[in-house]
Amino acid sequence: MAMMISKFHRLIQSRLLWFVFLGVVVIVFVFWGVQLPPPDAGREPPGWLDGKPVPAAEFAHAYTFEELRLRLQHGERLRVDDDLAEAIRQAAWRRLVALREAERMKLRVYDEEVLRAIRSIPDFQHNGVFSRAAYGHFIAELAQWRGLTERGFEQFLREELLLERLREAVRHTVAVPATERDARLAELTARASAAVVAITDADVEDEVEVDAEAARRHFEADPGAYRVPPKVRARMVFFDAARHEDEVGPFDEEDIEDYYHTHAARFRRLAFDPPEEEGQPARPRWQTVPLDEAREEIRGRLRRQAAIARARERATDFMRLTAPYFTAQPIPFEEAAERLDLEVQVTAPFARGEAIPDTSLSPRAAEVVYGLQPAAGEDLSDPLTGDDGVYVFALEERIPARIPAFEEVAEQATEDALRARLAEARLRRAESVRRRVLTDGLPLAEAAEAEGLTARETEPFDGFEGLPEDPHGPAIVQAAEGLNPGEISEPIPARRAQTLLVQVLDREPGDPEAFADLRDRMQHLLVRQRAAQRYEAWVDDLLRRAEFRERGAASAADDRG
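This structure is a prediction, so every number in the text was calculated from the model and none was measured.

Trainee: Please clarify how the overall build of the protein should be interpreted in this entry.
Mentor: For the protein, the count of helices and strands is 19 helices and 16 strands. When the 561 residues of the protein are sorted by exposure, 41% land in the buried category. Of all intrachain contacts in the protein linking residues separated by at least 6 positions in sequence, the fraction that spans at least 24 positions is 74%. Counting every atom, the protein has about 30300 Å² of accessible surface; 49% of that belongs to carbon and sulfur.

Now the structure itself:
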């Protein structure tokens, strides 16, 4: 019972609840790349609310803050492709209309609340105390992302707190009946066991054959699936930081100590204390590497920083020759490179969301280069800093999207056709097994054996603990939910190209004794879930009543490059 309650507490503290922003934000990344103007900044109105055009700057502000919110949560794992950019765009409109409603309601967040929020973020603390140095380091990295200042980040927090205040107001309108709460608890605490059949490609591969004609038919059924996205090629000059490392240093003790204290988070290491009792796990804790042990690492970092700075100086000299905003008489990219004895390289084509080949630049920087346009003044990048030096790019060509000929993708189409036919064969075999269960009344194990397959029986499980050791655990638990003993699931696509059938063998009611410990938590969970749904519906209604109209999504996407 104690284990079940512990599992439940962890579950609702992680996946199933959305909390106040400050309860989830952890600064899990470094802002890579360069300053990039938000979409639509300075252009025609991106949309209309209440019959009036929305200023491009106001929408760009909302878009930037929605993207920032995602980046704070997901860090460098976040890759903004076209689909995610569109999702951020829609979230930005919802943010904008909700904030306008908060203003109409005269809701306020005071400076003291923002200050408390900043001081409460763990990554801005050292030994539990707010660290101005850590906060300053974060703000410096934030400035490189989109030029956001300390005031900009504080405005972001102020808006997040304001939006949470709106959500909290919605939560107060939500009630969940005790009967619904207890029914949900009973479902989750009930223990079941099941028979499972996993049908693999190996079980059906003798039934499937794909020749060249079949691959062609697969391609022609959906040639758009093989669409080659628009790509960019760019000319590039590189300023190698390694060439300058011997020119910098030495660094005095004050420099080393200042770096150590300013970047304290970089010198934290995970350590483990011995368990208090035998059989318990070791207790993890963060410890700070002593300055003496970090000194050589810091010297290396300072040397690298100084070398990068020298490389940026050389890149600036290059920009003074070719960038229109530096000189009234810019010279061509290649001529500027020749004057400074630089090699001009041309990148391989790359699409939005892809790294620039043969560079150490971040995806954010790649997005800047992808956005270069043929127009004068828009075809040249600012200096972009990578791990190994500084790069400057000029647009070579923009390559339109296209549908390739079958011959170009024949190998991929053949693989895709084979996967599709194997999936169809697995589904047919699963349906055949299922018919034997439903029509002939056979247990799943016997029906599977008649089809040359083997069923296995799971350990007892419930909705909290699930089947953590089973590779198909989540799919089995989800399929079994709502099935009575003897009932069988529909065929379920599963990991590693498998198709599952699940038959519940028995089910024991949930333990009523658990209700007293879990009832309040479940009530809280259900209220949060229902409030989230109601808040989204409320924002939908705000957009509807404001007669929201957006400028064409396609043209907006084109504007972003």
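There is more to say, and it comes next.
Trainee: Please explain the nonpolar core as it appears in this structure.
Mentor: If you look at soluble globular proteins, the nonpolar side chains tend to sit buried side by side. Formed by 46 residues in total, the largest nonpolar core has its most connected members in Phe124, Leu142 and Phe153. Ranked by residue count, the leading element in this core is helix α4 (residues 82–104), at 10 residues. With near-sequence residues (within four places) excluded, Phe153 lies in contact with Leu72, Phe124, Tyr135, Phe138, Ile139 and Leu142. Core analysis: the next-biggest nonpolar cluster, separate from the first, contains 25 residues, Val210, Phe219, Phe406 and Ala417 among them.

Trainee: Looking at this model, I keep getting lost on the packing of α4 against helix α7 (residues 150–171). Mind explaining?
Mentor: Between two packed helices, the angle of one axis relative to the other and the distance separating the axes together describe the packing. At a minimum axis separation of 10 Å, α4 and α7 run at an interaxial angle of 75 degrees. Looking at the two axes, α4 sits roughly perpendicular to α7. Contacts between α4 and α7 involve Arg95, Ala98, Leu99 and Ala102 from the first element and Phe156, Glu159, Glu160, Leu162, Leu163 and Leu166 from the second.

Trainee: What is the right way to read the pattern of salt bridges from this model?
Mentor: Opposite charge on two side chains permits pairing when their charged atoms draw close. A complete count under the given rule lists 41 salt bridges for this structure. For Glu113, the salt bridge identified is with Arg165, shortest N-O distance 2.4 Å. Separated by 52 residues along the polypeptide, Glu113 in helix α5 (residues 111–120) and Arg165 in helix α7 bring together distant segments of the chain. Given the relative accessible area of 19%, Glu113 is considered buried. What makes Arg165 partly exposed here is its relative accessible area of 31%. The salt bridge involving Arg310 is made with Glu247; its shortest N-O contact spans 3.0 Å.

Trainee: Explain the pairing of strand β15 (residues 498–508) to me, please; I cannot follow it from the model alone.
Mentor: Where a strand is regular, its side chains alternate between the two sheet faces. Where strand β5 (residues 191–200) and β15 come together, 10 bridges link them in antiparallel fashion. Looking at the pairing, Val197 lines up with Leu501 of β15. Here strand β14 (residues 492–494) runs beside β15; their pairing, made up of three bridges, is antiparallel. Of the residues in β15, the one forming a bridge with Pro493 is Thr499. Counting the residues that bridge the hairpin from β14 to β15 gives three residues, and of these Arg496 lies at a positive phi of roughly 60 degrees.

Trainee: Can you help me understand a nonpolar patch on the surface in this one?
Mentor: A contiguous nonpolar surface patch, about 370 Å² in accessible area, is contributed by Leu270, Phe272 and Trp286. Along the polypeptide, Phe272 turns up in strand β7 (residues 268–273). You can call Phe272 exposed: its relative accessible area is 51%.

Trainee: Please clarify how the sheet that holds strand β13 (residues 455–457) should be interpreted in this entry.
Mentor: Strand-to-strand pairing in sheets goes through backbone hydrogen bonds, with the strands running parallel or antiparallel. Within the open sheet, the four strands sit side by side as β13-β5-β15-β14. Their pairing is antiparallel. Strands with a single pairing partner mark the edges of an open sheet, and in this sheet they are β13 and β14. On average, each strand axis in the sheet is tilted by 35 degrees relative to the strand beside it, whichever way the strands run. In terms of strand pairing, β5 meets β13 through three bridges, oriented antiparallel. Bridging across to β13, Ala195 finds its partner in Glu457.

Trainee: How do you make sense of the sheet that holds strand β1 (residues 47–49) when you look at a structure like this?
Mentor: Strands sit in the order β2-β1-β16 across an open sheet of three strands; the sheet is antiparallel. Both outer strands of the open sheet, β2 (52–53) and β16 (549–550), are each paired with one neighbouring strand and no more. As judged from the two bridges shared by β1 and β16, these two strands associate in the antiparallel manner. Bridging across to β16, Gly47 finds its partner in Glu550.

Rules and cut-offs
- Residues numbered from 1 in each chain as written.
- Predicted model: local features only at pLDDT ≥ 70, side-chain atom pairs only at ≥ 80, totals over all residues.
- Heavy atoms only, no water.
- Helix = DSSP H or I, 4+ residues; strand = E, 2+ residues; numbered from the N terminus.
- Buried < 20%, exposed > 50% of the residue type's maximum accessible area, 1.4 Å probe, protein only.
- Contact = heavy atoms within 4.5 Å.
- Areas by Shrake-Rupley, 256 points an atom, 1.4 Å probe, with all protein chains shown as cover.
- Core = buried A, V, L, I, M, F, W, Y, C linked by side-chain atoms within 4.5 Å.
- Axes fitted to C-alpha atoms, helices over the stretch in contact; angles between N-to-C directions.
- Parallel < 35°, antiparallel > 145°, perpendicular 65-115°, else oblique.
- Salt bridge = Lys/Arg side-chain N within 4 Å of Asp/Glu carboxyl O.
- Pairing = 2+ DSSP bridges.
- Patch = residues over 30% accessible without salt bridge, like charges linked within 9 Å, V, L, I, M, F, W, Y side chains within 5 Å.

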